[in-house]
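The residues making up each chain are set out below.
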Amino acid sequence: GTRNISAMNFSVASPQVRIGALQMEGVSPPMMDRVKAIADKQTSTPFDTSNSAANLEHAFASFYADDGYAAVKVHATRSGNPLITAASVDIPYSVTIEEGHLYKLGAIHLPPDALVSPAEIDKMASSARGTLKGPAIRNIWGLIVGRYHSKGYLDFAMTQHPEFDEAAGVVNYKVDINPGPVYHLALLKFDNVSEDLRKLLMRNWQMFPGDPFDESYVAGFIYKAQTSDPVLQRTLAGVKVSYDVRADPGTHDVNLIIRLERK
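Below or above, wherever it landed, is the structure these notes cover. Treat the numbers as computed from the prediction; the structure is a model and nothing was measured.

Under the 1.5 Å per step criterion, the end-to-end length of helix α6 (residues 215–228) is 20 Å for 14 residues, consistent within 8% with the ideal 20 Å. Along its length, α6 reaches its greatest deviation from straightness, about 50°, at Phe-221. The set of residues buried in α6 consists of Tyr-217, Val-218, Phe-221, Ile-222, Ala-225 and Gln-226. Lining the buried residues of α6 we find β8 (184–191), α5 (195–204), α7 (230–235), β9 (239–247) and β10 (253–262).

Attention shifts here to the pattern of salt bridges. By the definition in use, this model includes eleven salt bridges. For the salt bridge of Asp-90 with Arg-18, the shortest nitrogen-to-oxygen distance reads 2.9 Å. Of this pair, Asp-90 sits in strand β4 (residues 88–98) while Arg-18 is found in strand β1 (residues 16–25), placing the two residues 72 residues apart along the sequence. Ionic contacts of the salt-bridge type, sharing partners, join the residues Arg-34, Asp-67 and Lys-133 into one network.

So, on to the packing of aromatic side chains. Counted under the stated rule, the structure contains eleven aromatic pairs. On the numbers, 5.3 Å between centres and 80° between planes, the contact of Tyr-64 with Tyr-69 is edge-to-face. Tyr-69 matches Tyr-64 in its accessibility class, with the two residues each being buried. A ring pair is formed by Phe-190 and Trp-205, whose centres lie 6.0 Å apart and whose planes are at 85°; its orientation type is edge-to-face. Pair noted here: Phe-190 is in strand β8 and Trp-205 is in the loop between α5 and α6, with a separation of 15 residues, a long-range link. Residues Phe-190 and Trp-205 agree in their burial class; the two are buried.

Turning our attention to the packing of helix α3 (residues 118–126) against helix α4 (residues 134–150). Look at α3 against α4: their axes get within 10 Å of each other, and the N-to-C directions meet at 155°. In terms of orientation, α3 lies roughly antiparallel with respect to α4. Of the two possible hands of crossing, α3 and α4 adopt the one that is right-handed. Residue-level contacts link Glu-120, Ile-121, Met-124 and Ala-125 of α3 to Asn-139, Ile-140, Leu-143, Ile-144 and Arg-147 of α4.

The rules behind each value
Starting from 1, residues in each chain are numbered consecutively following that chain's sequence as written. Owing to the predicted nature of the model, reporting of local features is limited to residues with pLDDT of at least 70; listing and counting of side-chain atom pairs is limited to 80 or more, with chain, interface and lining totals taken over all residues. Computation of side-chain values covers all heavy atoms of the structure but excludes hydrogens and water. Strands are runs of DSSP state E lasting at least two residues, helices are runs of H or I lasting at least four, and both sets are numbered from the N terminus onward. By definition here, a helix of n residues has an expected span of 1.5 Å times n minus one. What is called the bend at a residue is the angle between a pair of axes, fitted to the seven residues leading up to and ending at it and to the seven starting from it. Three exposure classes are used, based on accessible area relative to the maximum for each residue type with a 1.4 Å probe and protein chains only: buried under 20%, partly exposed in between, and exposed over 50%. In this analysis, two residues are considered to be in contact whenever any of their non-hydrogen atoms come within 4.5 Å of each other. For this analysis, a salt bridge means a side-chain nitrogen from Lys or Arg found within 4 Å of a carboxyl oxygen belonging to Asp or Glu. Two aromatic rings, drawn from Phe, Tyr or Trp (for Trp, its six-membered ring), form a pair once their centres lie within 6.5 Å of each other, and the interplanar angle then sorts them: stacked below 30 degrees, edge-to-face above 60, tilted otherwise. All axes are obtained by fitting lines to C-alpha atoms, using only the stretch in contact for helices, and the reported angles, taken between N-to-C directions, cover 0 to 180 degrees. When describing relative orientation, an angle under 35 degrees is termed roughly parallel and one over 145 degrees roughly antiparallel, while 65 to 115 degrees is termed roughly perpendicular and anything else oblique. Crossing handedness follows the turn of the near helix against the far one: under a right angle anticlockwise gives a left-handed crossing, and clockwise gives a right-handed one.

If you want it as structure tokens, here you go:
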């Protein structure tokens, strides 16, 4: 007999819809080869209606910013007809780049009560006084984030406001900091260990319930314990360590479970 069909599911397995050819505009001759390498990497990646243009813009903008072109502008739009074959549907894009010029790193202004001193920032900045390269500036932001996380400010947020001094070719940064509340260690448990090993680990452990939760201490603990205690060095050889950190945003308590497993 016949049956009414109330629902049908369609799933299109092939052909793949991908990013197609990229028509690049505004790229200066010295940058051409390197930009082409980025373009080649993006071509044939999966196409996504909502995100593909933004993803392309981000890929090229990040590359330029990392190279010191701190004010680069990138605009990606679909252009032309899709190229349809049995294997794929390729969507072509036009990518326009306004490179701007290379900048040097100027001053970094933190709030007066920041946990990182101007002298520390100056020391790191002075080694990055040349062209504003991405890794150098990321190291500075990393220092600030790490310092706050080590004092229990797990919700720490930072906003950098670049200020361009066109005449000098310099970028100065004004940094806003919202530290949020301090989280404290509430519970510590070593899981999957013998009673003897647990006692040995606890003897080396220095962050106690009620102390501000220091992320960096947790991350470095096993290595530090091994280097300072020969017994632990032998016992923990070939052991895989995983950390389960549960921070409660209501009470600002942190429960920490450190699990050890033989590889």
